[in-house]
Amino acid sequence: MNETQTGATDGNDPIIELRKLNKWYGSFHVLRDIDLSVARQERIVVCGPSGSGKSTMIRCINKLEDYQGGELHVDGTLLNDDVKNIDHVRREVGMVFQHFNLFPHLTILQNLTLAPVWVRKLPKKEAEDTAMHYLARVKIAEQAKKYPGQLSGGQQQRVAIARSLCMNPRIMLFDEPTSALDPEMIKEVLDVMVELAREGMTMICVTHEMGFAKEVADRVVFMDAGEIVEQAPPDRFFDNPSSERTKLFLSQIL
Amino acid sequence: MSDARTTSRAAPVVQTGPVQWAKENLFNGPVNTALTLISLYVLWLAIPPLVNWALIDAVFTPDPATCKAASGACWGFITEKYRLMLSGTYPYEQQWRPVVAMVVLLGLIGMSMNSRFWNIWLAAYWVVGIVVMGVLMWGGVLGLPYVENAKWGGLPLTLILAVNGIVFSFPLAIALALGRRSNMPAIRAVCVTFIELVRGVPLITVLFMASLMLPLFLPEGMTIDKLLRAQVGIILFTAAYEAEVIRGGLQALPRGQFEAGDSLGLSYWQKTGLIILPQALKLVIPPMVNTFISMFKDTSLVIIIGLFDLLGSVRLAANDPMWRPFYVEGLVFVAVIYFIFCYTIARYSEHVERLARKGERR
Ligand SMILES: Nc1ncnc2c1ncn2[C@@H]1O[C@H](COP(=O)(O)OP(=O)(O)OP(=O)(O)O)[C@@H](O)[C@H]1O
Ligand SMILES: [Mg+2]
C-alpha cells in the first residue's frame, strides 16, 4: 500500500510535516528551510514580525500557496501538483482567515452547508443538522437565516470557524483570526478557539494574542525573515527565550 | 422606563408640499435659480410648437393630400402603414401569424421576468412556446403556407434577433470572461484574441463579413441562411462586449472569496458556479443591461444585409411615393416602440438588482 496516497498513518506520525521548505516570490526568498512537524492534537501558535512569512507558511499547508523546495506532508499525503492530493488535503484542513471570507450572497446556514453538500456529498438535511449543531456551539444559532453582512465582526468570525468545522476537518489553520476585530469581540472568538483546542483539535494558529498562546499552545513558533528562529513550549518561550531576535520581538509586543 | 436616553422623541416634522419642494429643489441658491429659469424658458420655446405639430395641426386620417396641406404631423401615415411597419415583408394575408408569435414571446418573457414563475414549468412553457413560434413563423405544416425567414421582418424580427442575442451571448460571454482569466495559456489566448478581434471592428463589419465573406470559406454548395448569419454575428459581437463587463465583475471580487472556496475543498467549477459567478454577475447587472439595451437597438443594422427589422420596415413603408414626405412620423412611431422596450428592460434590471441585494448589507 502506498502510504503517501492514502492518508493512512499510525497515530505517532506527525500529521503535518514540513521538511526544508523553501518558497520564493520572484526573487524574494520568503520561506527559508522551514522545518516543522506537528503531532496529532498538537496546538501550535505561530508569531513573528509583519512580513516574516507566517501567513505564507500556513497557506502552504492547504496549498493556497505552492512552494519551490523541500517537502510538505499533510495527513500522510505529500502535497505536490497532483490535484487528487490537493483535494484530499483541503477536505481535511479547515482554514479561518483574518477577514472571515464568508460568502456574502448566502445566508449563514447556506455558508455552512455549501461545502458539506457539494464536497462531502452529504444530504441537505444532514448538512443542515450539522450546521445548526456547530452554530449552537459557537453560540450563534439564532442568526442562521441572516446574511453575513448583518452580523458583527466577532459573529462573522465565529460563523467562519463553524463553517470550517462543518467539514469535519482533522486540522484547523487560523491566520490572525482576531486581528480584524474590535477589542470587545476578540474574546468571544478566542473562547471558541480555546474550547476547540480543549477538545483535541490539531491547530496551527498565527496570532499575536499571547494570552491565548500561554493558555492553550503546546508550542510557540517564532518566525523572522522567512525562518523559524525559535520554537518552544510557551512557558520557556515567554520566560526564557534563547534567541536575541525572540527577546527583541517579545519586548516589543508584551 | 424614565431613563432620559430611552424616552422616544417624535421624528422632526418635514415640511412637504409643492411650494416647499420647489424651494428646496429648484430655487435653492442663485445658480440653481438661474438654471431653473433658463430651463423654463427653453421649455416655453420648445413645447408649444411641438404640441402644435404633434396634436393641434396634425392629421389623423390616412390621406396624403390632406397631410400635404396641413402643417402638422401626418399620423395617417401610421394608420395606413402600421402593418407594414410592424411586420415588414412578411406576406400580408399571413401577418396574423407573427402577431400571435409575438404575443406568445412577450407572454413568455413577461412570465420569465416574474420570480413567481421561476420553476421547472417555465422551462417547459418555453419549449412549447418556441415550437409554437417556429410553426407560426415558418409554417409549412398544419395548412399554414411556408414563409422563408428572409421574408420575416418588422418588430418580430427585431425581437427574435434581440432575444436570441441576449440568451445566447450571455453564456458565451461568461465562458469568454472565465477563459480570459484561465490558468491555461492556450485558452486564455483564444479568448483574448476573440474578444479583441470582435471588439476592434464595428458591428456593421461583422454583419457584412458574415453575409459576404462567410460563404467564401464554406464548402461549395453549403449555405447558411442570411438570418442565421446575422443572428450569429450579433451574438458574437454582444458576447465580446459582455465578456469584458463580466470580467470586470470577476476582478472586483476580493481574493478571499476564491481562497475561502479553495480552502473548503470546492472544485474549480463548484467555486465558480456557487461563489464567484453569483457575486460577480450581481455586481455587473447595470453595465450588462446597458450592453443588452445597446444591442437591442443595434439589431437595426441588419438592414445593410437586406433584412427589414422594425426600423428597416419604416424605410420600406416610406418608399411608397405618396407617403415619402412622412418618413419622420414613421420614425417617431418606431422610436416610441424602441423606447418602450428599452425602458422596460432598464426598469426591470433595477428590480432584479434590488432582488439580488435583498438581505445583503455591506
Ligand atoms: N503574492 C505575493 N507576491 C509577492 N510577495 C508577497 C506575496 N505575498 C506576500 N508577499 C511578501 O512575502 C512576505 C511574507 O508575507 P506574509 O503575508 O507571509 O507575512 P506575515 O508574516 O503573514 O505578515 P503579517 O503579520 O503582516 O500578516 C512579505 O514581505 C510580503 O510582502
Ligand atoms: Mg499574515
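The model shown is predicted, which means the values in this text are computed figures rather than measured ones. (Residues numbered from 1 in each chain as written. Chains lettered and ligands numbered in written order. Predicted model: local features only at pLDDT ≥ 70, side-chain atom pairs only at ≥ 80, totals over all residues. Heavy atoms only, no water.)

**Topic: the overall build of chain A**
- Tallying secondary structure elements over chain A gives 10 helices and 10 strands in all.
- The 254 residues of chain A split such that 57% are buried.
- Long-range pairs, those at least 24 residues apart, make up 66% of the contacts in chain A between residues at least 6 apart in sequence.
- Accessible surface for chain A amounts to roughly 10,900 Å². Of this, 48% is attributable to carbon and sulfur atoms.
- Taking the 30 positively charged and 36 negatively charged side chains of chain A as two groups, their mean positions are separated by 4 Å. (Helix = DSSP H or I, 4+ residues; strand = E, 2+ residues; numbered from the N terminus. Buried < 20%, exposed > 50% of the residue type's maximum accessible area, 1.4 Å probe, protein only. Contact = heavy atoms within 4.5 Å. Areas by Shrake-Rupley, 256 points an atom, 1.4 Å probe, with all protein chains shown as cover. Lys, Arg positive; Asp, Glu negative; His and termini not counted. Charge placed at Lys NZ, Arg CZ, Asp CG, Glu CD.)

**Side note on the site of ligand 1**
Residue and element names in this part refer to chain A.
- All residues in the neighbourhood of ligand 1 are listed as Tyr25, Phe28, Val30, Pro49, Ser50, Gly51, Ser52, Gly53, Lys54, Ser55, Thr56 and Glu176.
- The side chain of tyrosine 25 places a nitrogen or oxygen atom 3.4 Å from a nitrogen atom of ligand 1.
- Within the contact set of ligand 1, an oxygen atom lies 3.2 Å away from a backbone nitrogen or oxygen of serine 52.
- Its free accessible area being 640 Å², ligand 1 has 60% of it covered by the protein chains. (Near = heavy atom within 4 Å. Polar contact = N/O pair within 3.5 Å; in protein donor to acceptor, adjacent residues only side chain to side chain.)

**Describing the packing of helix 5 (residues 96-112) of chain B against helix 7 (residues 154-180) of chain B**
Residues and elements named next belong to chain B.
- Taken N-terminus to C-terminus, the directions of helix 5 and helix 7 make an angle of 35°; their axes are 10 Å apart at the nearest point. In this structure, helix 5 meets helix 7 at a crossing whose hand is left-handed. On helix 7, the residues touching Pro98, Met102, Leu105, Leu106 and Ile109 of helix 5 are Leu155, Pro156, Leu159 and Val163.
- The residue makeup of the contact of helix 5 with helix 7, split by class, is 9 nonpolar, no polar and no charged. (Axes fitted to C-alpha atoms, helices over the stretch in contact; angles between N-to-C directions. Left-handed = near helix turned anticlockwise from the far one by under 90°. Nonpolar A, V, L, I, M, F, W, Y, C, P; charged D, E, K, R; others polar.)

**Focus on the interface of chain B and chain A**
- In this assembly, 22 residues from chain B lie in contact with 22 residues from chain A.
- The junction of chain B with chain A conceals about 2,100 Å² of combined surface from both sides, 60% of it contributed by carbon and sulfur atoms.
- Inspection of the chain B/chain A interface yields 2 salt bridges.
- Here B:Glu259 ties to A:Arg59 by a salt bridge, and the two come within 2.7 Å at their closest N and O atoms.
- The interface formed by chain B and chain A includes 6 residue pairs in polar contact (both at pLDDT 80 or more).
- For the side of chain B that touches chain A, the secondary-structure elements that each account for two or more residues are helix 11 (255-263) and helix 12 (268-283) of chain B. (Buried area = accessible area lost by both parts, 1.4 Å probe. Salt bridge = Lys/Arg side-chain N within 4 Å of Asp/Glu carboxyl O.)

**A few points about the domain arrangement of chain B**
- Segmentation of chain B into domains returns domain 1 (25-56), domain 2 (64-90 + 147-360) and domain 3 (91-146).
- Here domain 1 of chain B and domain 2 of chain B have C-alpha centroids that lie 36 Å from each other. (Domains from an automatic or database assignment.)

**Topic: the nonpolar core**
- Residues A:Ile16, A:Leu18, A:Met57, A:Leu72, A:Ile204 and B:Phe77 are the most contacted members of the largest nonpolar core, which totals 115 residues.
- Element by element, the count of residues in this core is highest for helix 7 of chain B, at 11 residues.
- With residues near it in sequence (within four places) discarded, A:Ile204 still touches A:Ile16, A:Val38, A:Ile44, A:Val46, A:Ile58, A:Ile61, A:Met172, A:Leu173 and A:Phe174.
- Within the second largest apolar cluster, 48 residues are counted, among which are A:Leu151, A:Leu190, A:Met193 and A:Met210. (Core = buried A, V, L, I, M, F, W, Y, C linked by side-chain atoms within 4.5 Å.)

**Describing unusual backbone geometry**
All names here are of chain A.
- In the Ramachandran plot, aspartate 75 falls in the positive-phi region, its phi being about 55° despite a non-glycine side chain.
- Relative to the assigned elements, aspartate 75 resides in the loop between strand 4 (69-74) and strand 5 (77-78).
- Judged by relative accessible area, aspartate 75 falls into the buried class, the value being 2%.
- Its identity as a non-glycine residue notwithstanding, asparagine 101 has a phi of 55°, on the positive side.
- Relative to the elements of secondary structure, asparagine 101 occurs in the loop between strand 6 (93-96) and helix 4 (108-118).
- Overall, asparagine 101 belongs to the buried group, its relative accessible area being 11%.

**With respect to the pairing of strand 1 (residues 16-25) of chain A**
Residues and elements named next belong to chain A.
- As judged from the 7 bridges shared by strand 1 and strand 2 (residues 28-38), these two strands associate in the antiparallel manner. Opposite leucine 21, over in strand 2, you have isoleucine 34 as the bridge partner.
- Counted along the chain from strand 1 to the antiparallel partner strand 2, the turn is 2 residues long, and its residue glycine 26 has a positive phi close to 60°.
- As paired elements, strand 1 and strand 4 share 5 bridges and run antiparallel to each other. Along strand 4, the bridge assignment pairs isoleucine 16 with valine 74. (Pairing = 2+ DSSP bridges.)

**Comments concerning the sheet that holds strand 1 of chain A**
Residue and element names in this part refer to chain A.
- Across the sheet, 4 strands lie side by side as 2-1-4-5; this open sheet has antiparallel pairing. Only two strands of the sheet have a single neighbouring strand rather than two, namely strand 2 and strand 5.
- Across the sheet, helix 2 (residues 54-61) is in contact with strand 1, strand 2 and strand 4; its angle to strand 1 comes to roughly 120°.

**Some remarks on the sheet that holds strand 10 (residues 227-232) of chain A**
All names here are of chain A.
- Strand order across the open sheet formed by 6 strands is 6-7-8-3-9-10, with mixed pairing between neighbours. On the outer flanks of this sheet lie strand 6 and strand 10, each paired with one strand and no other. Geometrically, the sheet is characterised by an average inter-axis angle of 20° between neighbouring strands, direction not taken into account.
- In this structure, strand 3 (residues 43-47) lies alongside strand 9 (residues 219-224), joined through 4 bridges in parallel fashion. Along strand 9, the bridge assignment pairs valine 46 with valine 221.
- Each of strand 6 and strand 7 (171-175) touches helix 3 (residues 83-92); the most contacted strand, strand 6, lies at about 65° to it.
- The strands touched by helix 6 (residues 153-165) within the sheet are strand 6 and strand 7, with strand 6 carrying the most contacts at an inclination of about 170°.

**Focus on the packing of aromatic side chains**
All names here are of chain B.
- Taken as a whole, this structure holds 10 aromatic pairs over all chains when the rule is applied.
- Centre to centre, the rings of tyrosine 268 and tryptophan 269 are 4.9 Å apart; their planes meet at 80°, and the pair counts as edge-to-face.
- A relative accessible area of 41% means that tyrosine 268 is categorised as partly exposed.
- According to the relative accessible area criterion, tryptophan 269 is exposed, its value standing at 62%.
- Among the aromatic residues, those joined into a cluster by ring pairs are Phe296, Tyr338 and Phe341. (Phe/Tyr/Trp six-rings, centres within 6.5 Å; stacked < 30°, edge-to-face > 60°.)

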